[in-house]
Amino acid sequence: MEIRMDVPEIPSASAAPYLLNQERAAKIATLSKSDQVYLHIKDLIMHYVLKPGQKILEDEMANMLQTSRTPVREALRKLSSEGLITIYPKRYAEVTYFTPEMTKHLGVIRMSQDILSGHLAIYYGSDAEFAQLRQLSEACEIASQAGDLYGRVTADRNFHLRITAIGKNDILMKYQQEVYLRVHLIQLQYTSYEDDTDKRISCHDSLIDALCRRDEGAYIKTVCQRCQEMYGLDPKIVDLYRR
């Protein structure tokens, strides 16, 4: 997937998994009001209902969610710490819009953390754990074929986070989750349904094969090539990670 600078028109049906999922709505209802508001706004962002660059006014959001401004303000602060919201004090908040420069910076961080995840996964992982990655890759492909942008992006995120989980480092997992929240939003912002499915599937297959062979060199090569293509990274910077 190459980063495209045109923001696509996403059909409103892309919000359906969030709006119609009664089981998730019931689970959210058991949480505190502040946590409920946080998850509602986060879901709206992750499903591309609230889009990058879109303003979020506390009063309007409070009215929509039938709550006071306090839990909305607390939710926006938490989302700001995750990089999904940008707050302009005493004015408004907006869904973070990732400029090309911001996207490249995140791409470098993702590349370095993905490589570390691969090193640890090779050290700690089992053949059975690596084989299970194929199911996550297939879920990504199925969602893509169905035109489910949210499902595809989510499945791709789950695939990469699973590699990190195999590496058994809780601190790295925390940082990977933060990075991939931003990656999720970037992919919604800059990609379209006509995504490069073949390249993504090939990347997943190459990563799984490298893990199964315990081939760190092949794993690093695949990560570097993919991140350079996706984020338009400077080849000299990418070469620092190939050494």
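Shown above is the structure to which this text applies.
Since the structure is predicted, the reported quantities are computational estimates derived from the model, not experimental observations.

**Focus: the overall build of the protein chain**
Tallying secondary structure elements over the protein chain gives twelve helices and three strands in all. For the protein chain, the proportion of its 243 residues judged to be buried stands at 49%. For the protein chain, the share of sequence-separated contacts (at least 6 apart) that also reach a separation of at least 24 residues comes to 74%. With an accessible surface of roughly 12,300 Å², the protein chain has 52% of that area assigned to carbon and sulfur atoms.

**Details of helix α11 (residues 216-231)**
Quick reminder: α-helices carry 3.6 residues per turn. Residues three or four places apart thus point the same way. If you check α11, its first and last C-alpha atoms are 22 Å apart, about what 16 residues at 1.5 Å a residue would give, namely 22 Å. Along α11, the residues classified as buried are Ala-218, Tyr-219, Ile-220, Thr-222, Val-223, Cys-224, Arg-226, Cys-227, Met-230 and Tyr-231. Check the buried side of α11 and you find it contacts α6 (100-124), α8 (149-166), α9 (170-190), α10 (197-213) and α12 (235-242). For α11, the N-terminal cap is Asp-215; the gap from its side-chain oxygen to the backbone nitrogen of Gly-217 is 3.2 Å.

**Description of the packing of helix α3 (residues 33-46) against α9**
In the contact formed by α3 and α9, the axes pass within 10 Å of each other and the chain directions differ by 45 degrees. With respect to each other, α3 and α9 are oriented oblique. Contact residues: α3 offers Lys-42, Ile-45 and Met-46, while α9 offers Leu-181, His-184, Leu-185 and Leu-188. Classifying every residue of the contact of α3 with α9 by side-chain character gives five nonpolar, one polar and one charged.

**As for the environment of Arg-242**
By the element assignment, Arg-242 lies in helix α12. C-alpha separation for the pair Arg-242 and Ala-218, spaced 24 residues apart in sequence, amounts to 10.0 Å.

**Description of the sheet that holds strand β1 (residues 55-56)**
Within a sheet, each strand pairs with its neighbour through backbone hydrogen bonds, oriented either parallel or antiparallel. On the basis of which strands lie adjacent, the open sheet formed by three strands has the order β1-β3-β2 and antiparallel pairing. Edge positions in the sheet fall to β1 and β2 (85-88), since each has one partner strand and no second. Of the pairings in the sheet, the one linking β1 to strand β3 (residues 92-95) comprises two bridges and is antiparallel in character. Of the residues in β3, the one forming a bridge with Ile-56 is Ala-93.

**Here's the deal with the packing of α11 against α12**
Helix-helix packing: each pair is described by the crossing angle between the helix axes and the interaxial distance. At a minimum axis distance of 10 Å, the contact between α11 and α12 shows a crossing angle of 165 degrees. One way to sum up the angle between α11 and α12 is to call them roughly antiparallel. When you trace α11 past α12, the crossing you get is right-handed. On α12, the residues touching Ile-220, Cys-224, Gln-225 and Gln-228 of α11 are Pro-235, Val-238, Tyr-241 and Arg-242.

The rules behind each value
- Residues numbered from 1 in each chain as written.
- Predicted model: local features only at pLDDT ≥ 70, side-chain atom pairs only at ≥ 80, totals over all residues.
- Heavy atoms only, no water.
- Helix = DSSP H or I, 4+ residues; strand = E, 2+ residues; numbered from the N terminus.
- Buried < 20%, exposed > 50% of the residue type's maximum accessible area, 1.4 Å probe, protein only.
- Contact = heavy atoms within 4.5 Å.
- Areas by Shrake-Rupley, 256 points an atom, 1.4 Å probe, with all protein chains shown as cover.
- Expected span 1.5 Å × (residues − 1).
- Polar contact = N/O pair within 3.5 Å; in protein donor to acceptor, adjacent residues only side chain to side chain.
- Axes fitted to C-alpha atoms, helices over the stretch in contact; angles between N-to-C directions.
- Parallel < 35°, antiparallel > 145°, perpendicular 65-115°, else oblique.
- Nonpolar A, V, L, I, M, F, W, Y, C, P; charged D, E, K, R; others polar.
- Pairing = 2+ DSSP bridges.
- Left-handed = near helix turned anticlockwise from the far one by under 90°.

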